[in-house]
Amino acid sequence: MQTTADGAARSAVTSTELCRSALEVYDAVQAAAAHYDDPDLGLAISCHLSRIRLASRLGAARWAVDADVANEARRLIASAPAGASLAVLVDWLDAFPVAFLALLNRRVPQVMPTPGGRRAWDRVSLR
């Protein structure tokens, strides 16, 4: 007989699944915006760099994502514009990777340590 905890662990959304979905949607929006690109806009370069950031997360160890975080990630993925103007597409292509990767960042507590800690990292000043 399977316990409830085992069932919940198996049905949890993983980081890899979310990253794969995000990458597929990002590629679709980038393809929709490709005909707008010109050398002054530099969309291909910024999209390439953002895509590398998203794809690199696929190589990370898989972890179960909290249900609230998974729902927010799905909401971000679903926010992809379809048939939108150049400005909307470019804004989404620029903002989505940053928001998505920040949402899946498991290291947030280490980035802004609480002051007064005993570890060396906690004593680093935030200049």
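Residues numbered from 1 in each chain as written. Predicted model: local features only at pLDDT ≥ 70, side-chain atom pairs only at ≥ 80, totals over all residues. Heavy atoms only, no water.

(A) Seen up close, the packing of helix 3 (residues 43-58) against helix 5 (residues 86-103). Contact geometry for helix 3 and helix 5: axes closest at 10 Å, N-to-C directions at 20 degrees. Judged by the inter-axis angle, helix 3 sits roughly parallel to helix 5. As helix 3 runs across helix 5, the sense of the crossing is left-handed. The segment helix 3 lies against helix 5, with Leu-43, Cys-47, Ser-50, Arg-53, Leu-54 and Arg-57 engaging Val-90, Leu-93, Phe-96, Pro-97, Val-98, Phe-100 and Leu-101. Broken down by class, the residue content of the contact of helix 3 with helix 5 amounts to 10 nonpolar, 1 polar and 2 charged. (Axes fitted to C-alpha atoms, helices over the stretch in contact; angles between N-to-C directions. Helix = DSSP H or I, 4+ residues; strand = E, 2+ residues; numbered from the N terminus. Parallel < 35°, antiparallel > 145°, perpendicular 65-115°, else oblique. Left-handed = near helix turned anticlockwise from the far one by under 90°. Contact = heavy atoms within 4.5 Å. Nonpolar A, V, L, I, M, F, W, Y, C, P; charged D, E, K, R; others polar.)

(B) Quick peek at the side chain of Ser-50. For Ser-50, the location among the structural elements is in helix 3. Not counting chain neighbours up to four residues away, the residues in contact with Ser-50 comprise Tyr-26, Leu-93 and Pro-97.

(C) The pattern of salt bridges, seen in detail. The final tally for this structure, using the stated rule, is 2 salt bridges. As a salt-bridge pair, Asp-27 and Arg-51 come within 2.8 Å of each other at their nearest N and O atoms. A residue pair is termed long-range when its members are at least 10 positions apart, and Asp-27 in helix 2 (residues 15-33) and Arg-51 in helix 3 qualify at 24 residues. Between Glu-72 and Arg-75 there is a salt bridge, with the nearest N and O atoms lying 2.6 Å from each other. In this pair, Glu-72 and Arg-75 both sit in helix 4 (residues 67-78), 3 residues apart, roughly one turn of the helix. Since its relative accessible area comes to 30%, Glu-72 is described here as partly exposed. We classify Arg-75 as partly exposed; its relative accessible area is 46%. (Salt bridge = Lys/Arg side-chain N within 4 Å of Asp/Glu carboxyl O. Buried < 20%, exposed > 50% of the residue type's maximum accessible area, 1.4 Å probe, protein only.)

(D) Layout of the packing of aromatic side chains. Within the structure shown, the criterion is met by 4 aromatic pairs. Note on Trp-92 and Phe-96: the rings are 4.4 Å apart at their centroids and 15 degrees apart in plane angle, and the pair reads as stacked. You can see Trp-92 and its partner Phe-96 sitting in helix 5, 4 residues apart, about one turn around the helix. For the pair formed by Trp-92 and Phe-96, the shared burial category is buried. (Phe/Tyr/Trp six-rings, centres within 6.5 Å; stacked < 30°, edge-to-face > 60°.)

(E) Representation of the packing of helix 2 against helix 5. At a minimum axis separation of 10 Å, helix 2 and helix 5 run at an interaxial angle of 165 degrees. On the basis of their axis angle, the class for helix 2 and helix 5 is roughly antiparallel. At the point where helix 2 passes helix 5, the crossing takes the left-handed sense. Between helix 2, through Leu-18, Cys-19, Ala-22, Val-25, Tyr-26, Val-29, Gln-30, Ala-32 and Ala-33, and helix 5, the contact on the second element is made entirely by Leu-89, Trp-92, Leu-93, Phe-96, Pro-97 and Phe-100. Tallied by class, the residues present in the contact of helix 2 with helix 5 amount to 14 nonpolar, 1 polar and no charged.

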